[in-house]
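The residues making up each chain are set out below.
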Amino acid sequence: MHELLARLPDYLGGHLRLSLSALIVGVAISVPLGVLATRRRALESPLLAIAGVIQTVPALAMLAVMVPALAMLALPSIGFLPAFLGLTLYSILPILRNTVVGIRGVDRAITEAARGVGMTPWDRLRRVDFPLALPVIVAGIRTATVWTVGMATLSTPVGAPSLGNYIFSGLQTRNYPAVAVGCVAAAVLALSLDGLVRMLEQGVKAERRWLTAGATTALLVLAVWSGAGLAYGSNFGGAPIKIGAKTFTEQYILAEIIGQKIRAESDREAQVLSSLGSTVVFDALKNGAVDVYVGYTGTIYANVMKRDPQHVDRKVLVQEIDHWMQQNHGIRCLGAIGFENTYALAVRRDFAKRYRLHTISDLARVPPNTRFGADYEFFVRPEWRTLKASYDLGSLEERIMDPGLMYQALDGGDVDLITAYSTDGRIEAFDGALLRDDRSVLPNYDAILLVGPQLFWDAPEAVDALRSLLGSIDARQMRHLNLRVDVDGRSPASVAAEFLANQAKIEPSGPPKPSPSGSSGQ
Amino acid sequence: MIRLQQVTKRYDAFTAVHECSLHVRQGELLVLLGASGSGKSTTLKMINRLIEPTAGTIEIDGTDTQSVNPSTLRREIGYVFQEVGLFPHLSVEDNIGITPSLLGWDRARIRARVNDMLDMVELDPDGMRSRRPNELSGGQKQRVGVARALAAQPNVVLLDEPFGALDPLTRDALQQTFQKVRRESGMTAIFVTHDMVEALLLGDRIGVMQQGRLVQLGPPEELLERPVNPYVAALMDTPRRQAKALSDLSDA
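Below is a short write-up of the structure. (Residues numbered from 1 in each chain as written. Chains lettered and ligands numbered in written order. Predicted model: local features only at pLDDT ≥ 70, side-chain atom pairs only at ≥ 80, totals over all residues. Heavy atoms only, no water.)

1. Some thoughts on the overall build of chain B
Counting secondary structure elements, chain B contains 11 helices and 10 strands. For 252 residues, the compact-globule estimate of 2.2 N^0.38 gives 18 Å, and chain B sits close to it at 19 Å. The principal-axis extent of the C-alpha atoms belonging to chain B is close to 55 × 55 × 30 Å. Split into buried and exposed, the 252 residues of chain B put 50% on the buried side. Put simply, 67% of the contacts in chain B that link residues at least 6 apart link residues at least 24 apart. Just so you have it, chain B exposes about 11300 Å², and 49% of that area is on carbon and sulfur atoms. Taking the 29 positively charged and 32 negatively charged side chains of chain B as two groups, their mean positions are separated by 3 Å. (Helix = DSSP H or I, 4+ residues; strand = E, 2+ residues; numbered from the N terminus. Rg over C-alpha atoms; globule rule 2.2 N^0.38 Å. Buried < 20%, exposed > 50% of the residue type's maximum accessible area, 1.4 Å probe, protein only. Contact = heavy atoms within 4.5 Å. Areas by Shrake-Rupley, 256 points an atom, 1.4 Å probe, with all protein chains shown as cover. Lys, Arg positive; Asp, Glu negative; His and termini not counted. Charge placed at Lys NZ, Arg CZ, Asp CG, Glu CD.)

2. So, the sheet that holds strand S10 (residues 446–451) of chain A
Residues and elements named next belong to chain A. Spatially, five strands are ordered S2-S1-S3-S10-S4 in an open sheet, and the strand pairing comes out mixed. This sheet does not close on itself; its edge strands, each paired only once, are strand S2 (270–273) and strand S4 (332–340). Going across the sheet, the axis of each strand differs from the next one's by a mean of 25°, ignoring polarity. Seen against the sheet, helix H13 (residues 297–304) touches strand S3 (292–296) and S10 and runs at an angle of roughly 85° to S3. (Pairing = 2+ DSSP bridges. Axes fitted to C-alpha atoms, helices over the stretch in contact; angles between N-to-C directions.)

3. Things to note about the nonpolar core
Nonpolar side chains in soluble globular proteins generally cluster together in the buried interior. One finds A:Ile257, A:Ile258, A:Phe339, A:Leu357, A:Leu363, A:Leu449 and A:Leu466 to be the most contacted residues of the largest nonpolar core, which totals 73 residues. Sequence-distant contacts of A:Leu449, defined by excluding residues within four places in its chain, comprise A:Ile258, A:Val292, A:Tyr293, A:Val294, A:Arg332, A:Cys333, A:Leu334, A:Gly335, A:Ile337, A:Leu466, A:Leu469 and A:Leu470. If you look at the next biggest cluster of nonpolar residues, it comprises 42 residues, including B:Trp105, B:Val121, B:Val144 and B:Ile206. (Core = buried A, V, L, I, M, F, W, Y, C linked by side-chain atoms within 4.5 Å.)

4. Observations concerning helix H5 (residues 107–120) of chain B
Residue and element names in this part refer to chain B. Over its 14 residues, H5 runs 20 Å from end to end, which matches the ideal 20 Å to within 8%, given 1.5 Å per residue. By the burial criterion, the buried members of H5 are Ile110, Arg113, Val114, Met117 and Leu118. Here the buried residues of H5 occupy an arc of 135° about the axis, which is enough to place them on one side. Those residues of H5 that are buried are in contact with helix H3 (92–96), helix H4 (98–102), helix H6 (125–128) and helix H7 (138–150). By the N-cap criterion, in which a side-chain oxygen at the helix start approaches the backbone nitrogen of a residue two or three places on, H5 is capped by aspartate 106, the distance to alanine 108 being 3.2 Å. Once H5 finishes, glutamate 122 follows within two positions and takes phi at roughly 65°, a positive value. (Expected span 1.5 Å × (residues − 1). Arc of directions from axis to C-beta. Polar contact = N/O pair within 3.5 Å; in protein donor to acceptor, adjacent residues only side chain to side chain.)

5. A few points about the interface of chain B and chain A
Frequently, the measure chosen for interface size is the accessible area that the parts lose on association. In this assembly, 21 residues from chain B lie in contact with 16 residues from chain A. Summed over both partners, the interface of chain B with chain A comes to about 1600 Å²; 61% of that surface belongs to carbon and sulfur atoms. For the chain B face of the interface with chain A, the top three residues by lost area are B:Phe87, B:His89 and B:Leu102, together amounting to 29%. One can count two salt bridges joining chain B with chain A. Ionic pairing is found between B:Lys45 and A:Glu112, a salt bridge with its closest N-O pair at 3.2 Å. Taken together, the links from chain B to chain A amount to seven residue pairs in polar contact (both at pLDDT 80 or more). Of all the secondary-structure elements, those providing two or more residues to the side of chain B that touches chain A are helix H2 (70–75), strand S6 (77–80) and H4 of chain B. When residues in the side of chain B that touches chain A are grouped by element, the largest group, four residues, is from H4(B). The class makeup of the residues in the side of chain B that touches chain A is nine nonpolar, six polar and six charged. (Buried area = accessible area lost by both parts, 1.4 Å probe. Salt bridge = Lys/Arg side-chain N within 4 Å of Asp/Glu carboxyl O. Nonpolar A, V, L, I, M, F, W, Y, C, P; charged D, E, K, R; others polar.)

6. A word on the packing of aromatic side chains
Going through the model one piece at a time under the given rule, you end up with 17 aromatic pairs over all chains. Each ring, one from A:Tyr343 and one from A:Tyr421, has its centre 5.5 Å from the other, and the planes form 45°; the classification is tilted. With A:Tyr343 in strand S5 (residues 343–348) and A:Tyr421 in strand S8 (residues 417–421), this residue pair connects regions lying 78 residues apart in the sequence. Site record: aromatic cluster; members linked through ring pairs are A:Phe248, A:Tyr296, A:Tyr343, A:Phe372, A:Phe378, A:Phe379, A:Trp384, A:Tyr421 and A:Tyr445. Against the face of B:Tyr11 rests B:Lys9, its NZ or CZ located 5.1 Å from the ring centre. Sitting over the face of the ring of B:Phe87, B:Arg148 holds its NZ or CZ atom 5.0 Å from the ring centroid. (Phe/Tyr/Trp six-rings, centres within 6.5 Å; stacked < 30°, edge-to-face > 60°. Lys NZ or Arg CZ within 6 Å of the ring centre and 35° of its normal.)

7. Some details on the environment of B:Thr57
Residue and element names in this part refer to chain B. Mapped onto the fold, threonine 57 is located in strand S4 (residues 55–60). Using a relative accessible area of 31% as the deciding quantity, one classes threonine 57 as partly exposed. Considered as a pair, threonine 57 and glycine 164 are 107 residues apart in the sequence and their alpha carbons are 29 Å apart. When sequence neighbours within four positions are dropped, the list of residues in contact with threonine 57 reads Arg3, Leu4, Gln5, Val7 and Asp64.

8. Comments concerning the sheet that holds S5(A)
Residue and element names in this part refer to chain A. Read across the sheet, five strands follow the order S7-S6-S8-S5-S9 without closing on themselves; strand pairing throughout is mixed. At either end of the open sheet lies a strand with only one pairing partner, and these are strand S7 (397–400) and strand S9 (432–435). Each adjacent strand pair in this sheet contributes to an overall mean axis angle of 35°, direction not counted. Relative to S8, S5 is paired through five bridges, and the arrangement is antiparallel. What sits directly across from alanine 346, in S8, is isoleucine 418.

9. Considerations on the side chain of B:Asn95
Residue and element names in this part refer to chain B. Mapped onto the elements, asparagine 95 comes out in helix H3. Assessed through its relative accessible area of 0%, asparagine 95 is described here as buried. Reaching out from asparagine 95, the side chain makes a polar contact with the backbone oxygen of leucine 90 at a distance of 3.1 Å. What asparagine 95 contacts, discounting residues up to four positions off in sequence, is Leu86, Phe87, Leu90, Pro133 and Arg148.

10. With respect to the pairing of strand S6 (residues 371–374) of chain A
Side-chain positions along a regular strand alternate between the two faces of the sheet. Residue and element names in this part refer to chain A. Of the strand pairs in this sheet, S6 and S7 are connected by four bridges, and their pairing is parallel. Bridged to phenylalanine 372 within S7 is glutamate 398. At this point the chain moves from S6, through helix H16 (residues 382–391), to the parallel S7, and the crossover so formed is right-handed. Bridge analysis of S6 against S8 gives two bridges, and the strand direction is parallel. Paired with phenylalanine 372 across the two strands is leucine 417, which belongs to S8. (Right-handed = clockwise from strand over helix to strand, strands pointing away.)

Below, the structure written as structure tokens:
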């Protein structure tokens, strides 16, 4: 718990910075736009329609779409900016709509009187329409406040630290206290900001100076505090080296190992951007928002290079990836880390017994509509198409779920079959059967280090530090590390530190292994 | 002095006001009388350009209203609305002082003027100044409405059925207050009403409007004695019968 709370200032600061800046810009855009819509009738429907369409885009998708969109414009596409833009777009509708409704709702007799006493359109807006519409506009701002603070928890996968980091990593590493801390902190923040906005409104309405001043001061202090974090972070001895991590435990641990290694063996600071989506992290590497991450050969070959990875020799695969990456994106594949993390299919023991399951081919015996749980990506990946075609698995009922919950779902009988990862620590603790890929249709998934072009120029000593990790972790070790987090509830950072300490004991001054091919994992 | 020449207002196929010409002398109170939909309110609103005329010209003291910026024009013309239209978020003082403040008067002058106006419409300045419109009775609201219209010392005041929604006693009191104020200040006024008795009591002259046309314009006696058509005759017959009924009662 202490370790959790130590991160609170960072996450809360990031969350607040995002929410406040998105809200302030949202208000600055939406209120004038709303006023314009009431003055130019023809604009009202299109403006509200556009804001409405934006609102229907699921929040997570909106944030994810910002990444390639910003990359296309050659802007920083990971971190604050995509999250900020997504949240700002989201805050527009409630404020815009309430501004329009509020101003339109002013009694016609009163607007006519305003014209009659000699007000110009500007006088009318300032002295009559705006003050009378204010309660409705503020209600819109308050709605936007609660939405934005809630939605900011989703900015973790695009690399903006927020209270969502507690929730995303907590779900992945089965650290439920972390999830709870994230949820409670986000709720408290939403209610506090909402309360401040309401105080501000009441202060203005009732002309109670101390209330207005109090609320304004509180908002300013929060803005300065969260802004100061940004300034402090960005001025800290050159930009830190950024390490990307996808959305599962193994990635968190590897990113921590890489970060701690870089810190120890170069004079550079390292920052882990965790819980990035799989395509987000590669895009981020391409445009320099991330400097290094751990990829998997099969995934890169099939999903990025769009080639069929079946039956390609694993050493050749690593070389081909390095060659292709260098040619197309200036990215280098340093080599394999040593273990392979492949997809496997897992079933409960009683289920395996009943249908005599040993291999994937045996699944021909299970009844149609057997429930098959897999992670967010699996059902749209080429591997699934191949599996489905080769083993005729079309009659399985597909259930998408969070990888952190799959074993629980299998144990509880909610699903009968799940995708498992060969390095998942939970496999060791799990009482079930793994089905063999007897027709060898699944490709190799050797873990490889992918390094963006800048790092070679900016921090060659960091690249050297990374090379020393090649071939240093085999599948058994990786499973063990994963187990320490997933089952024992340790933090990825402490597991990483322990691993590096042990490694240093085994080879106190061992030379880095520059083997680009990696050793066999299993 | 207000002069309308051939003023017309058309909405698509519908003609609200048809070639209305009239002129109001300095210090005179002209009543526009007619049923609802006869075009009297539209005529009134065209004078301060709350409604823009389709054709014709309107001059005030020799100046074409089209040559003046509408908000500037309206600051120089008092206007009392049928629905009063007090600004609900402003105090009585700020409501009355609105046009002076738009004209850039200084605070002290506005304050003094508001006090005078409250006195003039027979409201207690100390008790009323800081109240909000929702704390006023109907009669008090319309008194504030009249005070607001006259606060910037306009030369011309337009009144659109100002007392129509009030109970008879309050209406009578307000009519008297208004006449007193107007006579003291010598303002020119146009007063729109559908109430024949009110028209006869207040008007120096009365213009009768029927389906967008000004059908007769003259002093009350002329309308009573020489109505130009059966409609005007019927209009004038009502107050006559009421007066007769009253005098019969008091004779008895």
